[in-house]
Amino acid sequence: MKQNPQSSGRLRPVDLARGHGLSTQAVRNYEAAGILPAAERSAHGYRTYTPRHAQALHAFLALVPGHGHRTAAAIMQAVNRDSVEDALRLIDDSHAQLLDDRRTLQAVEAALRDLRPVPEERGDTFVGPLARRLGIRPATLRTWERAGLVQPRRDPRTGYRVYGPVDVRDALLVHQLRRGGHLLGQIAPLIAQVRSAGGVAPLASTLRDWQARLSARGRALLTGAAALDAYLDDPPVRGAGPSVSATGSSATT
């Protein structure tokens, strides 16, 4: 029969801290935040942890890479107040966000395949000449601007839109993709990635890095889920609790 870790072993804050490369203050802070269950107190007010606290700390630290610190903390807080369904919903949200990010990457990759190289631009232009070059109405350029696809600056004296070389490049790319049947919402992620990468040519490497980050997040979510499942598999002993409440003692050890 599996032994509940709460029923055996006593650990000091420094034991948890050293085992996870943390400071003892970090361990106390995690307990105060509800990430760890409340510690028992000795007759002299010293915190006493158990292997279950170590398991909770391990689960939290395993959740952070996939969910981020705030969500990982919220997951552990929900579990420790016996609201497992709330914790599972938070986990579902993280998986849904990862799926959305994967779909965005796929859309960017699909749109990138439809792009042809655009000439390197020099100098500035205005809305009228650029619209004539593309064979569109100036109002279309303004629609693209509202969608964040082009970002011309304003002349401080006249207030006219001024399209620099990067803005013209973005407009040419948007024009290509619109003619290919892509919607503005599908184009926006690609243009954002082009800007981030500094152009279309280096974008392939950026997308590979993006894919690698998504894969790493996926693996991290699995690792965190396994650690949390192990923590859930060993529930606390009912009726067991701190002999002196953390809020009722001024001890800091």
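Residues numbered from 1 in each chain as written. Predicted model: local features only at pLDDT ≥ 70, side-chain atom pairs only at ≥ 80, totals over all residues. Heavy atoms only, no water.

Draft legend 1. Molecular detail of the confidence of the model for the protein chain. Per-residue pLDDT for the protein chain averages 85, and the proportion of residues at 70 or more is 89%. The element-level mean pLDDT for the protein chain is lowest in strand β1 (residues 40-41), coming to 83, with helix α4 (residues 69-80) highest at 97. Here residues 1-8 is a poorly scored stretch, pLDDT under 50, and it has 19 contacts once near neighbours within four places are set aside; other chains count. (pLDDT = per-residue confidence, 0-100. Helix = DSSP H or I, 4+ residues; strand = E, 2+ residues; numbered from the N terminus. Contact = heavy atoms within 4.5 Å.)

Draft legend 2. Here's a closer look at helix α9 (residues 184-197). Helix length check: α9 (14 residues) gives 20 Å between terminal C-alpha atoms against 20 Å at 1.5 Å per residue, within 8%. Every buried residue of α9 is listed here: I187, L190, I191, Q193, V194 and A197. Considered in projection along α9, the buried side chains sweep an arc of 160° and stay on one side of the axis. Counted as exposed and oriented over 90 degrees from the buried face of α9: G185 and S196. Residues of α9 that are buried in the fold lie against α5 (84-113), α8 (165-179) and α10 (203-232). G198 sits one or two residues past α9 and shows a positive phi near 90°. (Expected span 1.5 Å × (residues − 1). Buried < 20%, exposed > 50% of the residue type's maximum accessible area, 1.4 Å probe, protein only. Arc of directions from axis to C-beta.)

Draft legend 3. Broad picture of the pattern of salt bridges. Summed over all chains, the structure comprises 10 salt bridges. Of the charged contacts, one joins R89 and D86 as a salt bridge, the two residues approaching to 2.3 Å between their closest N and O atoms. Taken together, the positions of R89 and D86, both in helix α5 and three residues apart, correspond to about one turn of that helix. The residue D170 makes a salt bridge to R195 at a minimum N-O spacing of 3.0 Å. Highlighted residues: D170 in helix α8 and R195 in helix α9, separated in sequence by 25 residues. Owing to a relative accessible area of 1%, D170 belongs among the buried residues under this scheme. Each of the salt bridges in this network shares a partner with another, and the network as a whole consists of R81, D86 and R89. (Salt bridge = Lys/Arg side-chain N within 4 Å of Asp/Glu carboxyl O.)

Draft legend 4. Structural view of the nonpolar core. The biggest cluster of nonpolar side chains holds 32 residues, and the ones touching the most others in it are L134, L141, W144 and L190. Put simply, the parts of the chain that give this core at least two residues each are α5, α6 (127-134), α7 (138-146), α8, α9 and α10. The element that contributes the greatest number of residues to this core is α8, accounting for six residues. In this structure L190 touches V108, A111, L112, L115, L177 and L203, once residues within four positions along its chain are discounted. In this structure, Y49, I75, A78 and A87 belong to the second largest nonpolar core, which totals 26 residues. (Core = buried A, V, L, I, M, F, W, Y, C linked by side-chain atoms within 4.5 Å.)

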